[in-house]
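Chain and residue survey
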Amino acid sequence: AMVWQALMTLSIRRKSSDPGFGEELMISRREILDVLGWKSTSTAARNWVMDLLLDMQRAVVELRTPRHTYSQTLISSIVVDKMTGRMRIHIPERTLALLTDEVACIDLDRKRALGRDPLALWLHDFISSQHNDPKKMIPWSVDALRTLSGSAKPLAKFRAALRKSAASLAAC
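So, here is what we can say about the structure in this document. Only a predicted model underlies this, so the values are computations on that prediction, with no experimental measurement involved.

Here is what the cut-offs are and how they apply
Residues numbered from 1 in each chain as written. Predicted model: local features only at pLDDT ≥ 70, side-chain atom pairs only at ≥ 80, totals over all residues. Heavy atoms only, no water. Patch = residues over 30% accessible without salt bridge, like charges linked within 9 Å, V, L, I, M, F, W, Y side chains within 5 Å. Areas by Shrake-Rupley, 256 points an atom, 1.4 Å probe, with all protein chains shown as cover. Salt bridge = Lys/Arg side-chain N within 4 Å of Asp/Glu carboxyl O. Helix = DSSP H or I, 4+ residues; strand = E, 2+ residues; numbered from the N terminus. Buried < 20%, exposed > 50% of the residue type's maximum accessible area, 1.4 Å probe, protein only. Contact = heavy atoms within 4.5 Å. Axes fitted to C-alpha atoms, helices over the stretch in contact; angles between N-to-C directions. Parallel < 35°, antiparallel > 145°, perpendicular 65-115°, else oblique. Nonpolar A, V, L, I, M, F, W, Y, C, P; charged D, E, K, R; others polar.

Description of a nonpolar patch on the surface
Side chains of Ile 138, Trp 140 and Leu 148 sit close together on the surface and give an oily, nonpolar patch of about 290 Å² of accessible area. With respect to the helices, strands and loops of the structure, Ile 138 is situated in the loop between helix H6 (118-128) and helix H7 (142-149).

Given below as structure tokens:
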């Protein structure tokens, strides 16, 4: 998820600053690791990024909103220049247009500070996607959050984990 969010964040930023930006993101695996906050840019780390990119190339996004229904591969092609290590990652224009319009841009620096707690990471993204105006915020029950997060924990254990994750979010 972090690699996909990094690609989307970089693509949306470039699209915003350069309206002529097309569907291809020019980037290296090392740059992706930098965006993710990794200290290591070893061959193993770069291979890990490439494996994830290839997984994303096989994945299909299906988006259903009140405005749109859309299905497309996340990444339609990846071209690697073996001399420079730079990649041209082709993200379909329509996917980028839909996501620019309807997906929250996640603060990856703040998210990285949360470590590897899956509930804290999910909660970060969930809260980031909600309205920031207190008058327009939707109250969510703990059980609804448990269901939305996909947790299989009993409610009491989920509530304890939620408190811990919320404390991590408040600290960052």
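Moving on from the model shown.
A word on the side chain of Ser 28
With respect to the helices and strands, Ser 28 occurs in strand E1 (residues 24-28). You can call Ser 28 buried: its relative accessible area is 12%. Excluding anything up to four places from it in sequence, Ser 28 contacts Gly 85, Arg 86 and Met 87.

What about the packing of H6 against H7?
Taken N-terminus to C-terminus, the directions of H6 and H7 make an angle of 105°; their axes are 11 Å apart at the nearest point. Classified by the interaxial angle, the pair formed by H6 and H7 is roughly perpendicular. Where H6 abuts H7, its residues Leu 119, Trp 122 and Phe 126 lie against Leu 145, Leu 148 and Ser 149. When grouped by side-chain class, the residues that make up the contact of H6 with H7 number 5 nonpolar, 1 polar and no charged.

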